[in-house]
Structure formats: C-alpha cells, structure tokens
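The chain contents come next:
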Amino acid sequence: MGSERNPLTITVVYDNNPFNPNLRAEWGFSCFIEGLEKSILFDTGAKGQILLVNMEKLGIKPEEIDVIILSHTHRDHTGGLEVLISKKPAIEVWIPGFFPSDFKEDLRKKGE
C-alpha cells in the first residue's frame, strides 16, 4: 500500500462548556488541529491568558502552531490572537476576505 497518513486530531483548547476539569471554561472557542501538512489553531478564544494556560495544560506549545485560522471577527474567537502573536511573532494568520480592513491592517503592522 501507499504512504501512511497521520491520524487527524482535533483538541478543543478553549470553550464555554466545562468538558475538561483541568481547563478554564470561558465564553469563546479555539481548537488545535494536528495530522495535516501544517498544525492549525482554529480561532483563539476570548482571552489570551486563558488560551495560553489551557494550551500549557494540554501540552500545546505556541511554537508547534504553524497557522492560525480565524472564522469570524467576534471577540470570543479572536481575543487571544494578540497574546499568541506575542509568543510567536512570525506565525501565519489566515482570515476570510470579509474581515474589516482595520483588522487586516493591524495584522500587517504586527508582521503577519
């Protein structure tokens, strides 16, 4: 048979449902996706410090994230972005074209 593929793993990092007692539950969402060509953090939750604490408890290091993908501009999905960028300034950030121009410009100024 051909090449073997790594299994796709999706780990919820940030959510308002207290599904994991070791993590802080807070309004917002973020998940870490592994097993593709690049590792992806999908959305960043509402608060950067909660995002980082939950990532640490899950053993996810900022340097392991290749790409951040944001779904929409609501703060509960983008609030952790700035803190994460401060930990890994050269990270790729993918955003939909409908994001406001000031949001895009702020990212460009940070070098993303």
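Values in this document were obtained by computation on a predicted structure and should not be read as measured data.

### A word on the side chain of Thr78
- Among the secondary structure elements, Thr78 is positioned in helix H2 (residues 75-78).
- Exposure remark for Thr78: the relative accessible area of 6% places this residue in the buried category.
- If we skip the residues at most four places from it in the chain, Thr78 touches Thr44, Gly45, Leu70, His72, Thr73 and Phe103.

### Overview of the nonpolar core
- Membership of the largest hydrophobic core comes to 21 residues, with the highest contact counts inside it found for Leu41, Met55, Ile65, Ile68, Leu81, Leu84 and Val93.
- Take this core: its biggest share by element is 4 residues, from helix H1 (residues 48-58).
- Judged by nonpolar contacts, the second largest core, of 5 residues, contains Ile33, Ile40, Val67 and Ile69.

### Remarks on the pattern of salt bridges
- Enumeration over the complete set of coordinates arrives at 3 salt bridges.
- With a closest N to O distance of 3.3 Å, Lys47 and Glu26 form a salt bridge. A residue pair is termed long-range when its members are at least 10 positions apart, and Lys47 in the loop between strand S3 (40-42) and H1 and Glu26 in the loop between strand S1 (9-15) and strand S2 (29-34) qualify at 21 residues.
- Between Glu92 and Lys38 there is a salt bridge; the shortest N-O distance is 2.9 Å. One end of the pair, Glu92, is in strand S5 (residues 92-94); the other, Lys38, is in the loop between S2 and S3, and 54 residues separate them in sequence.
- Owing to a relative accessible area of 31%, Lys38 belongs among the partly exposed residues under this scheme.

### What to know about unusual backbone geometry
- Phi is positive for Asp43, close to 65°, though the residue is something other than glycine.
- With respect to the element layout, Asp43 can be found in the loop between S3 and H1.

### Looking at the packing of aromatic side chains
- Across all of its chains, the model carries 2 aromatic pairs by this definition.
- Both rings, one in Phe98 and one in Phe99, keep their centres 5.7 Å apart while their planes meet at 45°; by these two values the pair is tilted.
- Residue classification places Phe98 among the exposed residues on the basis of a relative accessible area of 58%.
- Taking relative accessible area as the criterion, Phe99 reaches 2% and is therefore assigned buried.
- Taken together, a centroid distance of 5.0 Å and an interplanar angle of 75° make the contact between Phe99 and Phe103 edge-to-face.
- Three or more aromatic residues joined by ring pairs form one cluster here, namely Phe98, Phe99 and Phe103.

About the cut-offs
- Residues numbered from 1 in each chain as written.
- Predicted model: local features only at pLDDT ≥ 70, side-chain atom pairs only at ≥ 80, totals over all residues.
- Heavy atoms only, no water.
- Helix = DSSP H or I, 4+ residues; strand = E, 2+ residues; numbered from the N terminus.
- Buried < 20%, exposed > 50% of the residue type's maximum accessible area, 1.4 Å probe, protein only.
- Contact = heavy atoms within 4.5 Å.
- Core = buried A, V, L, I, M, F, W, Y, C linked by side-chain atoms within 4.5 Å.
- Salt bridge = Lys/Arg side-chain N within 4 Å of Asp/Glu carboxyl O.
- Phe/Tyr/Trp six-rings, centres within 6.5 Å; stacked < 30°, edge-to-face > 60°.

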